[in-house]
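For reference, the chains in residue letters:
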Amino acid sequence: MTHSPESLWGGRHIVAFGLLAMALSGFGQTFFFSVQGADIRAAFDLTHSSYGGVYSAATLVSALLLLRVGHWVDRWSLARVTVTALGILALGCILIGFAPHVTVLAVGFLLVRFGGQGLIAHIGITTAGRHFHWHRGKAIALTALGMPIAEAVLPLSAIALLGLGGWRMPWWGAAGVLVLIAMPVMTLLARRIRPVTSPSEADTTGHTMHEPVSFTRGEALRDPGFYVLLPAALVTPFIVTAVLFHQVALADASGWSVELIATAFTGYALGHVAALLLAGPLVDRIGAQRTLPLATLPMALGLIALAIGGPAWVAFVYLGLTGITTGLVATVGGSLWAERYGVRHLGAIRALAQAMMVISTAAAPIVLGMLLDLGVGATAIGFMLAGCTVGFAVLATFAPAPRRRASPRQSAA
């Protein structure tokens, strides 16, 4: 039977596993790389473009790898797939820490991006989405809190280690934490989580859980509603990556100083965390699919604020509203595909969506950079992106209910 706890406390070991998985993915996230970027470029005599090219290539390849192996979480034991992901991440950290040549550095980047940003984050969210039903939204929101925790802790830790032993030291430290602490703890938690073998069960309160009949990834791809919802699911990571990557240029065009934008990021962080805490009950009450269009609207208003520009407080409004959408969509995205397609093949379906997300975020800085190079200003960019956000939100409200379509083999039979 599916193990679906009656309460978050009853499934606290599942929530703890997911939260730690998301926090550990921070070793493969851009914010951990960013504090060491200048020293790495200097050590290997890389230009900004060549360093960015290596990083983008590693990110794109990691997305393709996740698409191929994301189903591991459906087929392997949770302990086995977790140790594999952490092992890949730790090996990548070791390669970066000892890299004698840029080729080894590139392989390390790939393993860290695949094991961290890709696989272990995928395992954490998929596990929370699969093992909770009545409290899925709240469980995924708590799991997603691992990311802002990592954002707060890991860059500061990396800076402290930089001062002790140079840019290689944070990577050695990360490998040590992963092997000596994370692997034993995560394995212990994983072994306490019972596997899912049935899409429904009667809980001890007497209510019958009704999950949708589980779709395979191929069946999900043949569902027209998947493509109606996907733009709304991808627009937030695409836009957030684009505007944050080019934030200095957009701030300058809006008449805001770099110092102001750096301070206004506190609004982004507060909005992100507050939305995570509010999103879970909302998703549990009205469902992820109905929440998705609403979740993107704060960012649309924030982008309009960016387009209008003006006083310093507008920068706080712009980033605060963007942070709210980031938190809401993090919870919605973790629940959406389980709610729509069931949990039996959730790993494979989420891997597909996650790979598309990674590819979109890799393309986002390039697309917005081209617009800036063409002379398109912050006002036009803000209104353009806000229009796309609203348009995709409206489109998502018309997503049809999923229906199975017989494959050619089934039809022939």
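Just so you know, these numbers come straight off a predicted model, no measurement behind them. (Residues numbered from 1 in each chain as written. Predicted model: local features only at pLDDT ≥ 70, side-chain atom pairs only at ≥ 80, totals over all residues. Heavy atoms only, no water.)

**Topic: the overall build of the protein chain**
Helix and strand counts for the protein chain come out as 19 helices and zero strands. Computed over its C-alpha atoms, the radius of gyration of the protein chain comes to 21 Å, within 12% of the 22 Å expected for a compact globule of 413 residues. Once the C-alpha set of the protein chain is aligned to its principal axes, its extents read approximately 60 × 50 × 45 Å. Considering only residue pairs separated by 6 or more positions, the protein chain has 86% of its internal contacts joining residues 24 or more positions apart. Only carbon and sulfur atoms are counted for the fraction: they give 70% of the accessible area of the protein chain, which is about 17400 Å². Here the protein chain holds 24 positive side-chain charges and 15 negative ones, and the gap between their average locations is 11 Å. (Helix = DSSP H or I, 4+ residues; strand = E, 2+ residues; numbered from the N terminus. Rg over C-alpha atoms; globule rule 2.2 N^0.38 Å. Contact = heavy atoms within 4.5 Å. Areas by Shrake-Rupley, 256 points an atom, 1.4 Å probe, with all protein chains shown as cover. Lys, Arg positive; Asp, Glu negative; His and termini not counted. Charge placed at Lys NZ, Arg CZ, Asp CG, Glu CD.)

**Side note on a nonpolar patch on the surface**
Nonpolar side chains collect at one region of the surface, where Leu20, Val177, Val179, Leu180, Ile181 and Val185 lie side by side and expose about 490 Å² of accessible area between them. It is helix H10 (residues 168-192) that provides the largest number of residues to the nonpolar patch, a total of five residues. The topology assignment puts Leu20 in helix H1 (residues 12-24). (Patch = residues over 30% accessible without salt bridge, like charges linked within 9 Å, V, L, I, M, F, W, Y side chains within 5 Å. Salt bridge = Lys/Arg side-chain N within 4 Å of Asp/Glu carboxyl O.)

**Quick notes on the side chain of Arg136**
Summarising the element assignment, Arg136 is placed in helix H8 (residues 136-144). A distance of 2.8 Å separates the side chain of Arg136 from the backbone oxygen of Gly129, its partner in a polar contact. (Polar contact = N/O pair within 3.5 Å; in protein donor to acceptor, adjacent residues only side chain to side chain.)

**Quick word on H10**
End to end, H10 covers 35 Å across 25 residues, agreeing with the expected 36 Å (1.5 Å per residue, within 8%). The largest bend in H10 is about 45 degrees, located at Ala182, with the proline Pro184 one to four residues further on. Among the residues of H10, those classed as buried are Pro170, Trp171, Ala174, Ala175, Leu178, Ala182, Met183, Met186, Thr187, Leu189 and Ala190. Buried residues in H10 make contact with H1, helix H2 (30-34), helix H3 (37-44), helix H6 (78-98), helix H7 (102-131) and helix H9 (146-165). (Expected span 1.5 Å × (residues − 1). Bend = angle between axes of the 7 residues up to and from the residue. Buried < 20%, exposed > 50% of the residue type's maximum accessible area, 1.4 Å probe, protein only.)

**Details of unusual backbone geometry**
Look at Asp45: it is not a glycine, yet its phi comes out positive at around 55 degrees. Classification of Asp45 by relative accessible area gives exposed; the value is 71%.

**A few points about the nonpolar core**
Most often, soluble globular proteins have nonpolar side chains that are buried together. Counting residues in each nonpolar core, the largest one holds 63 residues, and the members touching the most others are Phe109, Ile123, Trp171 and Leu178. Looking at this core, the element that brings in the most residues is H7, giving 11 residues. Among residues more than four places away in sequence, those in contact with Phe109 are Phe33, Tyr51, Val54, Tyr55, Ala58 and Ile96. If you look at the next biggest cluster of nonpolar residues, it comprises 33 residues, including Ala288, Val329, Val343 and Ala399. (Core = buried A, V, L, I, M, F, W, Y, C linked by side-chain atoms within 4.5 Å.)

**Looking at the packing of aromatic side chains**
Applying the stated rule across the entire model yields 15 aromatic pairs. Three or more aromatic residues link up through ring pairs in this structure, and these residues are Phe27, Phe32, Phe33, Tyr51, Tyr55, Phe109 and Trp171. (Phe/Tyr/Trp six-rings, centres within 6.5 Å; stacked < 30°, edge-to-face > 60°.)

**Regarding the packing of H8 against H9**
How two helices pack is summed up by the angle between their axes together with the distance between the axes. Put simply, H8 and H9 touch, their axes get as near as 4 Å, and they point 10 degrees apart. What the angle tells us is that H8 and H9 run roughly parallel. Where H8 abuts H9, its residues Leu142, Thr143 and Ala144 lie against Gly146, Met147 and Pro148. Here the contact of H8 with H9 is composed, by residue class, of four nonpolar, two polar and no charged. (Axes fitted to C-alpha atoms, helices over the stretch in contact; angles between N-to-C directions. Parallel < 35°, antiparallel > 145°, perpendicular 65-115°, else oblique. Nonpolar A, V, L, I, M, F, W, Y, C, P; charged D, E, K, R; others polar.)

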